[in-house]
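# An overview of the molecular structure
Residue strings, one per chain:
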Amino acid sequence: MSSELYARHVNDQWVHFLNMLGTEKDFVRCEGARLTTASGKQVLDFLSGYCVYNIGHNHPRLIAALKEELDRHGPTMLQSHVPPLAGELAERLMQLCGKHLTRTVFMNTGSEGVETAIKFARAHTHRTGILCAGGAFHGMTCGALSLMGGAMWREDFEPLLPGVESIPYLDLPALETKLATGKFAAFIVEPVQSESGMHSPPAADWLKAAEICRRHKTLFVLDEVQTGIGRTGKFLAAHHSGVEADMIILAKALSGGLMPVSAILMREEINHSVFTNIERSMLHASTFAENTLSMRAGLTVLDILEEENLCERSRVMGEVLRNGIRDLARKYELIGEVRGMGLMNGIEFRQPTSRRLKLLQAGFAKMHPGLFGQMLIRSLQVDEGILTQMCGHNFRVVKASPPLVTTDSEISQFIEGLGRTLEKVHSGMRFWVSGLKIAARALRA
Ligand SMILES: Cc1ncc(COP(=O)(O)O)c(C=O)c1O
C-alpha cells in the first residue's frame, strides 16, 4: 500500500525502477550496517545512503541524544536568538578540519553547501566565474547543478548559472590556463570523485592545485560532502595530502542520518565579506539551519567518531576490503581496478577478453549501457542480501562503501557474496537470463 500511494502521489517512476530491478522496496529496521525488510530478510548495507551512515544506522547514542534534546523543550529555531549549540559545533569542526577555518555557515543539505560556497566566493572576490571539474557531482539545486557533469542531469533545466566552466578532473595545466584569466571566484572540486568512478588524484597534485589557486587569487573549495567525517580513513580526505582549502563543504554523515545538516567551513575574511556589518547579519540564512536537533546530531556524531575510533577503523577495514576484492580479481577476468580510500571504494568491471563474455556483455550493453551494472546490483541484493549501487556517472563501477562500524564478518560476507555473484556471471546462464527479465520488465513499464 505504501508503494502504491508513493507511486500515485510522489514519484511513480522510482517505484517502476525498483519493480523493474526486482529489488527490495520496504525496509522496516536498520541497525549498524544491517537492514531488515518487511518480509524479515536481512540485507547488508554497502552503500550507506551514499556515505550518510558513517556511524551506522540508528546509532543508539545518537537516538538517546536527540530524545534528550526533545525532552528539554528548548528553543529550536526562533530566528530571534543565538542558537545554543551552533557555536560549539563550529568550534569542534574547526579543530578537526583546520585552525585556519575559523568560521562555519550551517545549512541543511550538501547542495545548499555548494550554493553557499558559490555566494561567499563571489562576494569575497568580486568575480563571477566558478571553475569545476568534469565528472563532478555537486547536487541538484540550480547553482550546484551548474557544476555537474552529465548531460542527463542538466538538459531540461538549462540555462543554469552563467560564468561556470570546467576542466578535466585536476588537470593542472588546464587549471593554470583557466585561472590566469582572472575571472574565477572559486575552483570547487571533490577530493575523491565518487560518481565518476572513484578517482583520487595524488597528494602532490592537490598541493599544486591549491598553490595555483592561491597565486591567481581564486578560492580553493573542497566539496567533502561524501568524503568527509572519516569516510576515507581520515576526518577529511584533504588530510591525506595535507592540502589547505579556503572553504570545506560537509554534509551527509555529519548528521548521522537522522537530521539534515551541512556545514561550510571558511576562512575568517571570506565570512566577513558577507557578514560585513549589522545590516548584513542575515544576508545568507535558511530557516532550519542551526536548529538545535541538527546541531546536537552533529556534536554527537563527532563524539561517536572519536570514541569508536572510526577514522582509523575506516582506514584498516578499507584495506581488508580492497585486499579481499583484489583476491577475487585474480580469479575473475571481469574485475578490473579496485579503487578507494578507507571505506569509500569502487570496483571497476572491465571489458572481458573471453569470447563468450564479450558477446554477452556487448549484447546487453546494446539494450542499455547501465543494464549489466544493474544486473549485478540486483543479483547482489536478491541472491546475497547485499545492498549497493553503481556510480552515478559511471555504470561500470560498483560501490563498496559500508558504514564505518562494519565488522570483519560483514566484510567477509560481502567478499563471499561478490565471489558467488562473479561465479554466476562467468559461468552458466542464470545471471544473464535474469538480465533479460529486467529488460522485459523495463519494456512493459
Ligand atoms: C560530492 C557531493 N556534493 C554535493 C552533494 C549534494 O548533497 P545533497 O544531496 O545533500 O544536496 C552530493 C550528493 O550526493 C555529493 O555527493
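Now for a description of the structure that goes with this document. This structure is a prediction, so every number in the text was calculated from the model and none was measured. (Residues numbered from 1 in each chain as written. Predicted model: local features only at pLDDT ≥ 70, side-chain atom pairs only at ≥ 80, totals over all residues. Heavy atoms only, no water.)

This paragraph deals with the overall build of the protein chain. Counting its secondary structure elements, the protein chain contains 18 helices and 15 strands. Over its C-alpha atoms the protein chain spans a radius of gyration of 22 Å, differing by no more than 12% from the 22 Å that the globule rule assigns to 445 residues. C-alpha extents for the protein chain along the principal axes are approximately 70 × 55 × 45 Å. For the protein chain, the residues scored as buried account for 54% of the 445 residues in total. Across the protein chain, every contact between residues at least 6 apart in sequence was considered, and the portion connecting residues at least 24 apart equals 72%. (Helix = DSSP H or I, 4+ residues; strand = E, 2+ residues; numbered from the N terminus. Rg over C-alpha atoms; globule rule 2.2 N^0.38 Å. Buried < 20%, exposed > 50% of the residue type's maximum accessible area, 1.4 Å probe, protein only. Contact = heavy atoms within 4.5 Å.)

A separate point is the packing of aromatic side chains. A full pass over the atoms with the stated rule returns 12 aromatic pairs. Centroid distance Trp-206 to Phe-220: 6.4 Å. Interplanar angle 45°. Geometry classified as tilted. Taken as a pair, Trp-206 in helix α10 (residues 203-215) and Phe-220 in strand β8 (residues 219-223) lie far apart in primary sequence, 14 residues in all. Judged by relative accessible area, Trp-206 falls into the buried class, the value being 5%. With centroids separated by 5.9 Å and ring planes inclined at 20°, the aromatic side chains of Phe-372 and Trp-432 adopt a geometry described as stacked. Here the residue Phe-372 occupies a position in helix α16 (residues 371-384), and Trp-432 occupies one in helix α18 (residues 430-444), the gap between them amounting to 60 residues. Classification of Trp-432 as buried rests on a relative accessible area of 1%. (Phe/Tyr/Trp six-rings, centres within 6.5 Å; stacked < 30°, edge-to-face > 60°.)

As a further point, take the pairing of strand β11 (residues 335-341). Looking at chain direction, β11 and strand β12 (residues 344-349) are connected through five bridges and run antiparallel. Across the sheet, residue Gly-340 finds its bridge partner in β12, namely Asn-345. Counted along the chain from β11 to the antiparallel partner β12, the turn is two residues long, and its residue Gly-342 has a positive phi close to 55°. (Pairing = 2+ DSSP bridges.)

What follows deals with the state of the cysteines. Tallying each qualifying case throughout the model produces zero disulfides. With no disulfide partner, Cys-51 has as its closest neighbouring cysteine sulfur the one in Cys-391, 10.0 Å distant. (Disulfide = S-S within 2.5 Å.)

Turning to the nonpolar core, a few remarks are in order. Residues Leu-93, Phe-220 and Phe-414 are the most contacted members of the largest nonpolar core, which totals 95 residues. In terms of residues, this core owes the most to one element, helix α13 (residues 292-307), which gives eight residues. Not counting residues up to four positions away in its chain, the partners in contact with Phe-414 are Leu-44, Phe-46, Leu-321, Ile-325, Ile-347, Ile-386 and Ala-400. (Core = buried A, V, L, I, M, F, W, Y, C linked by side-chain atoms within 4.5 Å.)

With that settled, consider the site of the ligand. As a structural note, the neighbourhood of the ligand is formed by Thr-109, Gly-110, Ser-111, Phe-137, His-138, Gly-139, Glu-190, Asp-223, Val-225, Gln-226 and Lys-252. Residue Phe-137 places a main-chain N or O atom 3.5 Å away from a nitrogen atom belonging to the ligand. Interatomic distance of 2.7 Å between a side-chain N/O atom of Asp-223 and a nitrogen atom of the ligand. Notes on the ligand: free accessible area 390 Å², of which the protein chains cover 82%. (Near = heavy atom within 4 Å. Polar contact = N/O pair within 3.5 Å; in protein donor to acceptor, adjacent residues only side chain to side chain. Areas by Shrake-Rupley, 256 points an atom, 1.4 Å probe, with all protein chains shown as cover.)

To continue, consider the environment of Ile-249. As for its placement among the helices and strands, Ile-249 is situated in strand β9 (residues 247-250). Sequence separation of Ile-249 and Ser-196 is 53 residues, and the distance between their C-alpha atoms is 19 Å. Apart from the residues lying within four places of it in its own chain, the contact partners of Ile-249 are Gly-110, Gly-113, Val-114, Ala-117, Val-221, Leu-222, Asp-223, Glu-224, Val-225, Ala-263 and Ile-264.

Strand order across the open sheet formed by four strands is β11-β12-β15-β14, with antiparallel pairing between neighbours. The sheet is open, and its two borders are formed by β11 and β14 (390-391), each paired with just one other strand. Two strands pair when backbone bridges link them, and β12 and strand β15 (residues 394-400) are joined in this way by four bridges, in the antiparallel orientation. Bridge pairing in β15 places Gly-346 opposite Lys-399. On top of the sheet, helix α14 (residues 310-331) reaches β11, β12 and β15; it is set at about 175° to β11, its chief contact. (Axes fitted to C-alpha atoms, helices over the stretch in contact; angles between N-to-C directions.)

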